[in-house]
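Structure at a glance
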Amino acid sequence: MADKNPIWKLFVSIRLTVVLLLSLAVTSIIGTLVPQNASAEAYFHKYGAFLYRLFDILNIFDMYHSWWFQLLLLLLICNIIACSIDRLAGTWKLIFPKETTFKPSTFQKLKKKENFTDSRLPEELETEFTAVFTKAFGHPRVEKTDQGFSLFAEKWRWTRLGVYIVHSSILFLIAGAMIGSMFGFEGYVNIPEGESVDHVQIRNTGRTQHLGFEIQCNDFELSTYKNGSPKEYRSSLTILENGKPVLTKDIIVNDPLHYKGISLFQSSYGEVSPEHTEAPSFSAEDIQLAFFVNASGMVYKRTAEIGKPLEIPEGMGKFVVMDFKESALFMGQNIGAALVGILTPEGGEPAEVTLPIEFPNFDKMRRGDVVISVVHQHEKQSHEKNPEKKRYYTGLQVVKDPGVWVVYSGFIVMIAGIIITFFMSHQRLCVDVSRKGNKSRIMVAGIANKNKLGMGIKVEKIARLLGNPEK
Amino acid sequence: MNSSELLSVVTFGYGIAATLYLVSWIFQKPFPAQLAKWSAVLTVIGNLAGFFMRWAESYRLGIGHAPLSNMYESLVFFALTIGVLYLFIEIRYRSPLIGVFATPLAFLAMAYASMSPNISARIQPLVPALKSNWLIAHVLTCFFGYAAFSIAFGVSIMYLLKQRERSDGKGLLAYLPKMNILDDLTHRMVLFGFLFLSVGIITGAVWANSAWGSYWSWDPKETWSLITWFVYATLLHARLIRGWYGKKIAYLSIIGFVAMLFTYFGVNYLPGLHSYGSF
């Protein structure tokens with residue numbers, strides 16, 4: 001009955017798998033060319049009214065979470081499940097037979113086998129051959145035949161399941177991702193040194209998430225190498241339950257703190273300005289920009305105001321700061337406080353440029369003719385006033401993902417499954433010894449469901465061990 | 001001699017090996033291939049030595065780390081993985097002509113590393129994001145995957161050339177290994193590469209989760225590695241179930257290689273988290 005249902009037939013076809021895999025590959029490219037989850041204004045500037053509307057309808061700006069991309073994934077899962085059921089039903093008996101039987105004739109029919117003779121009789125060979133067989137391949141079943149005896153053994157029959165193991169791992173990954181998105185969250189929070197918080201902001205939606213405990217930032221330390229590049233961001237954090245400290249730990253990038261299923265990651269930092277201790281130290285009224293012109297290697301510093309276009313020296317075009325964001329997202333990643341501006345090169349198209357306050361080299365990634373950076377507030381301060389110790393805030397990524405262990409199990413299952421599927425095979429080996437006059441005629445043959453070449457080599461080797469003269 | 005000087009010699013060595021393989025093929029003489037093999041062996045040893053010297057030098061500078069942290073170092077390692085894998089195949093298959101299509105890839109990687117003005121050979125300290133034990137596991141597995149796909153690409157090109165062989169059994173193409181051997185070798189390299197690419201993506205995901213709290217964030221490099229994975233997954237399914245052989249598999253292997261190149265180089269022109277790989 002299942003054979004006739006056209007929907008079932010569609011889902012058990014590998015043609016569908018190939019089409020889905022290639023569709024996923026091709027559509028995934030779009031999201032790497034169109035930046036994801038940026039602001040609506042930025043897209044409008046970049047693509048114009050028509051393309052903006054079109055992309056918006058097709059969910060291109062968050063395509064990996066769009067209904068059509070998720071549908072492709074769902075179809076792939078249905079395809080995997082249907083194929084597995086269909087094929088497993090056929091091979092189950094083969095993989096787990098009630099009784100393994102073998103006939104020497106199956107092996108005798110093989111084209112590739114080793115034949116040779118031994119001057120002794122089959123009875124004299126049995127003990128020795130069984131021992132050699134056991135050592136080289138595994139413990140054999142010995143069966144008497146009319147003319148002598150047969151040795152037979154098989155191994156790794158279960159590796160025929162390898163491909164199903166790989167496919168089940170993909171279900172683990174999807175299940176883990178779903179658990180994470182349903183029962184987890186991904187948020188961020190900035191905590192000034194000496195202060196504590198009990199809630200975080202959820203990424204993308206901006207919703208508030210209460211944690212059920214408090215995080216206190218005791219200290220933030222930034223160390224740099226001699227050449228000025230960052231060496232380490234270290235936050236000393238204490239977890240407070242009902243106001244009482246329960247856990248203190250220093251976190252650095254790559255070494256987060258885990259508490260009650262919630263993980264705290266070092267993600268950004270900034271300076272707390274002395275006047276307003278709550279907000280980061282950037283004041284939008286007094287913006288100092290540095291323009292590095294690649295061609296001449298010159299750096300020009302200019303003061304900018306939001307909304308007022310600036311001429312870039314050397315006739316490199318215009319730049320206007322559009323907006324200041326306290327925590328800007330770039331490719332879905334929080335990069336901390338940033339300016340967003342529009343750069344119009346001389347004779348070129350306007351483009352949106354994001355300038356994180358804390359990463360002066362960020363704009364190099366754009367690979368433009370001009371690299372724009374925000375002159376560091378504390379650089380200026382050191383020239384001007386306030387030689388006191390700077391007060392920092394630490395920017396934490398706060399994540400709860402109960403699905404991550406399911407995903408990790410999927411990873412392990414996938415690697416194991418691939419190794420089994422690609423590099424192990426169901427192997428069967430037969431040695432048949434029959435009397436021929438005063439001598440014995442010996443046949444060695446083997447069958448493998450994969451890597452037949454490797455099995456052939458093994459057969460030759462075992463034949464040699466049993467006394468097949470070298471060719 | 002410091003590592004940079006040694007690695008310049010290595011670039012030259014790969015160039016010589018590639019030329020000798022080509023000479024051996026064109027003049028159909030086995031002797032240049034013997035020379036090529038030995039220069040390839042020496043070059044790979046030099047490449048390995050250069051890699052470890054650079055590692056030691058970084059410790060002498062007080063910023064010790066495995067030399068796998070920027071474009072220059074990754075290209076040196078890429079050449080090394082291609083070299084090692086190729087020599088293994090030459091010894092296993094006893095067919096030096098695969099070298100005509102494999103050693104130039106190692107040479108190009110090294111030449112690009114030494115000559116491109118955008119790539120700095122200076123040893124730089126590790127940024128905080130790269131300070132992790134996962135760095136070595138991630139880069140090692142990814143690059144063995146890349147090397148296998150690169151050799152699969154070279155062999156696929158050989159296959160497509162071999163198809164044009166004249167029926168009288170003369171001409172240069174007659175010297176190439178038989179089509180079924182090339183087809184089988186492509187498949188084997190893709191199997192090997194697929195395993196390593198999978199492990200590379202997985203170690204990357206685990207690392208990302210311990211550094212940023214998210215094992216997958218659709219960053220362009222991640223996405224392109226997945227695209228590459230999809231292309232090779234297509235190849236494997238088409239072959240195992242639909243019985244595709246030869247030409248179709250060769251084309252898919254070339255498409256996969258292009259996706260791999262984009263994962264490696266092209267992504268640097270797109271913004272994202274992996275930007276430290278681009279300088």
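Every residue gets a number counted from 1 within its own chain, in the order that chain's sequence is written. Here the convention is simple: chains get letters from A, ligands get numbers from 1, in the order in which they are written. The model is predicted, so local features are restricted to residues of pLDDT at least 70 and side-chain atom pairs to those at 80 or more, both for listing and for counting; the totals for chains, interfaces and linings are taken over all residues.

1. Looking at the overall build of chain A
Within chain A, the secondary structure is distributed over 10 helices and 22 strands. Scaling as 2.2 N^0.38, a compact globule of 471 residues should have a C-alpha radius of gyration of about 23 Å, whereas chain A reaches 34 Å, well beyond that. Principal-axis analysis of the C-alpha atoms places the extent of chain A at approximately 110 × 55 × 50 Å. Counting other C-beta atoms within 10 Å of a residue's own tells you its class, since 20 or more makes it buried, 12 or fewer makes it exposed, and anything in between is partly exposed; those C-beta atoms are placed from the backbone. Taking all 471 residues of chain A together, 31% fall into the buried category. Contact between two residues is assigned when their C-beta atoms, built from the backbone, lie within 7 Å. In chain A, the share of contacts with a sequence separation of at least 24, taken over all contacts with a separation of at least 6, comes to 58%. The helix count covers DSSP runs of H or I at least four residues long, the strand count covers runs of E at least two residues long, and both are numbered beginning at the N terminus. When we talk radius of gyration, it's over C-alpha atoms, and the globule rule is simply 2.2 Å times the number of residues to the 0.38.

2. Examining the overall build of chain B
Scanning chain B from terminus to terminus reveals eight helices and zero strands. In sequence order, chain B lays out its α and β elements as α-α-α-α-α-α-α-α. In summary, chain B has a C-alpha radius of gyration of 19 Å against a globular reference of 19 Å for 279 residues, a match within 12%. Principal-axis analysis of the C-alpha atoms places the extent of chain B at approximately 60 × 50 × 30 Å.

3. Regarding helix H7 (residues 162–183) of chain A
Residue and element names in this part refer to chain A. Between its terminal C-alpha atoms H7 stretches 31 Å, which fits the 32 Å expected from 22 residues at 1.5 Å a residue. Turning to H7, its buried residues number three or more, namely Gly-162, Val-163, Val-166, His-167, Ser-169, Leu-173, Gly-176, Ala-177 and Gly-180. Of the surrounding secondary structure, the elements contacted by the buried residues of H7 are helix H4 (67–95) and helix H9 (404–423). Working rule for helices: expected span equals 1.5 Å times residues minus one.

4. Let's talk about the nonpolar core
Proteins that are soluble and globular tend to have nonpolar side chains buried together. Ranked by internal contacts, the top residues of the largest apolar core, which has 128 residues, are B:Val76, B:Ala79, B:Ile82, B:Met110, B:Ala148, B:Ile151 and B:Val155. Every residue in contact with B:Ala148, bar those within four places of it in the chain, is listed here: B:Leu85, B:Met189, B:Phe192, B:Gly193 and B:Phe196. In this usage, the nonpolar core is the set of buried Ala, Val, Leu, Ile, Met, Phe, Trp, Tyr and Cys residues whose C-beta atoms join them within 7 Å.

5. Focus on the interface of chain A and chain B
One frequent convention defines the size of an interface as the accessible area lost when the parts assemble. In this complex, chain A contributes 43 residues to the contact, which on the side of chain B involves 41 residues. At the level of elements, helix H2 (14–33), strand S7 (230–241), strand S10 (262–272), strand S20 (391–400) and H9 of chain A are the ones that each hand at least two residues to the side of chain A that touches chain B. For the side of chain A that touches chain B, the leading source of residues is H2(A), giving 11 residues. Classifying every residue of the side of chain A that touches chain B by side-chain character gives 28 nonpolar, 11 polar and four charged. For this classification, the nonpolar set comprises Ala, Val, Leu, Ile, Met, Phe, Trp, Tyr, Cys and Pro, the charged set comprises Asp, Glu, Lys and Arg, and every other residue, Gly included, is treated as polar.

6. Quick word on the pairing of S10(A)
Looking along a regular strand, one sees the side chains alternate between the two faces of the sheet. All names here are of chain A. The element S10 is largely enclosed, with a buried count of 10 among its 11 residues. Pairing analysis gives three bridges linking strand S9 (residues 257–259) to S10, with the strands arranged antiparallel. Paired with Leu-257 across the strands is Leu-264, a residue of S10. Two strands are said to pair when DSSP picks up at least two bridges between them. Taken together, S9 and the strand that follows it, S10, pair antiparallel across an intervening segment of two residues, in which Lys-260 is found at a positive phi of about 45 degrees. One ladder, built from 10 bridges, connects S10 with S20; its direction is antiparallel. Looking at S20, one finds that Ser-268 is bridged to Gly-395.

7. Structural notes on unusual backbone geometry
Phi is positive for A:Trp156, close to 60 degrees, though the residue is something other than glycine. Inspection of the secondary structure puts A:Trp156 in the loop between strand S3 (148–155) and H7. Phi is positive for B:Gln28, close to 50 degrees, though the residue is something other than glycine. On the secondary structure map, B:Gln28 appears in the loop between helix H1 (3–26) and helix H2 (30–60). Under the C-beta neighbour-count criterion, B:Gln28 is labelled exposed, with 11 such atoms within 10 Å.

8. A few points about the confidence of the model for chain A
Residue and element names in this part refer to chain A. For every residue, the predictor states its confidence as a pLDDT score lying anywhere from 0 to 100. The pLDDT averaged across chain A works out to 84; a share of 92% of its residues lies at or above 70. Confidence, expressed as mean pLDDT per element, reaches its minimum in chain A at helix H8 (residues 377–383) with 47 and its maximum at H9 with 95. Below a pLDDT of 50 lies the segment residues 276–281, which in the model reaches 13 contacts outside its immediate sequence neighbourhood of four places, other chains included. Predicted confidence is poor over residues 378–387, with pLDDT under 50, and the contacts of this stretch with residues over four places away or in other chains come to six contacts.

9. Section: the pairing of strand S12 (residues 298–304) of chain A
Residue and element names in this part refer to chain A. The element S12 is largely exposed, with a buried count of zero among its seven residues. Sheet topology places strand S11 (residues 287–293) next to S12; seven bridges connect them, and they run antiparallel. If you follow Leu-289 over to S12, its bridge partner there is Arg-302. Between the antiparallel neighbours S11 and S12 lie four residues, among them Gly-297 with a positive phi of about 75 degrees.

10. A word on the sheet that holds S10(A)
All names here are of chain A. If you walk across this open sheet you meet the eight strands as S8-S7-S6-S5-S4-S20-S10-S9, and the pairing is antiparallel. The outermost strands of the open sheet, each flanked by one partner alone, are strand S8 (244–252) and S9. For this sheet the average axis-to-axis angle between neighbouring strands, irrespective of direction, equals 35 degrees. Comment: axis = line fitted to C-alpha atoms, over the contacting stretch for helices; angle = value between 0 and 180 degrees taken between N-to-C directions.

11. Here we look at the packing of H1(B) against H2(B)
Residue and element names in this part refer to chain B. Where H1 meets H2, the axes come as close as 8 Å, and the angle between the chain directions of the two elements is 160 degrees. Put simply, H1 runs roughly antiparallel to H2. As H1 packs across H2, the resulting crossing turns out to be left-handed. Residue composition of the contact of H1 with H2, by class: 19 nonpolar, eight polar and two charged. Here the angle decides the label: under 35 degrees means roughly parallel, over 145 means roughly antiparallel, 65 to 115 means roughly perpendicular, and every other value means oblique. The handedness criterion is simple: a crossing whose near helix is rotated anticlockwise from the far helix by less than a right angle is left-handed, and one whose near helix is rotated clockwise is right-handed.

12. A word on the environment of A:Val272
Turning to its location among the elements, A:Val272 is positioned in strand S10. The sequence separation of A:Val272 and A:Glu193 amounts to 79 residues, and the corresponding C-alpha distance is 8.7 Å.

13. Comments concerning the packing of H2(A) against helix H7 (residues 220–240) of chain B
Put simply, H2(A) and H7(B) touch, their axes get as near as 9 Å, and they point 160 degrees apart. When the axes of H2(A) and H7(B) are compared, the pair comes out roughly antiparallel. The interaxial crossing formed by H2(A) with H7(B) has left-handed handedness. Across from A:Ile14, A:Thr17, A:Val18, A:Leu21, A:Leu22, A:Leu24, A:Ala25, A:Ser28, A:Ile29, A:Gly31 and A:Thr32 in H2(A), the residues of H7(B) making contact are B:Pro220, B:Thr223, B:Trp224, B:Leu226, B:Ile227, B:Phe230, B:Val231, B:Ala233, B:Thr234, B:His237 and B:Ala238. Among the residues making up the contact of H2(A) with H7(B), the classes are represented as 15 nonpolar, seven polar and no charged.

14. Remarks on the sheet that holds strand S19 (residues 370–374) of chain A
All names here are of chain A. Pairing is antiparallel in the open sheet, where three strands are placed in the order S12-S11-S19. In this open sheet, the two strands that pair with only one neighbour each are S12 and S19. Averaged over all adjacent pairs, the angle separating strand axes in this sheet is 25 degrees, with direction ignored.

15. Focus: the environment of B:Thr228
Residue and element names in this part refer to chain B. The topology assignment puts Thr-228 in helix H7. Each C-alpha atom of the pair Thr-228 and Thr-203 lies 16 Å from the other, and the pair is 25 residues apart in sequence. If near-sequence neighbours (up to four positions away) are discounted, Thr-228 is found in contact with Leu-197, Gly-256, Ala-259, Met-260 and Thr-263.

16. Section: helix H4 (residues 98–115) of chain B
Taking 1.5 Å as the rise per residue, H4(B) with 18 residues should run 26 Å; its terminal C-alpha atoms sit 26 Å apart, in good agreement. Counting buried residues along H4(B), 13 of its 18 residues qualify, which places the element largely inside the surrounding structure.

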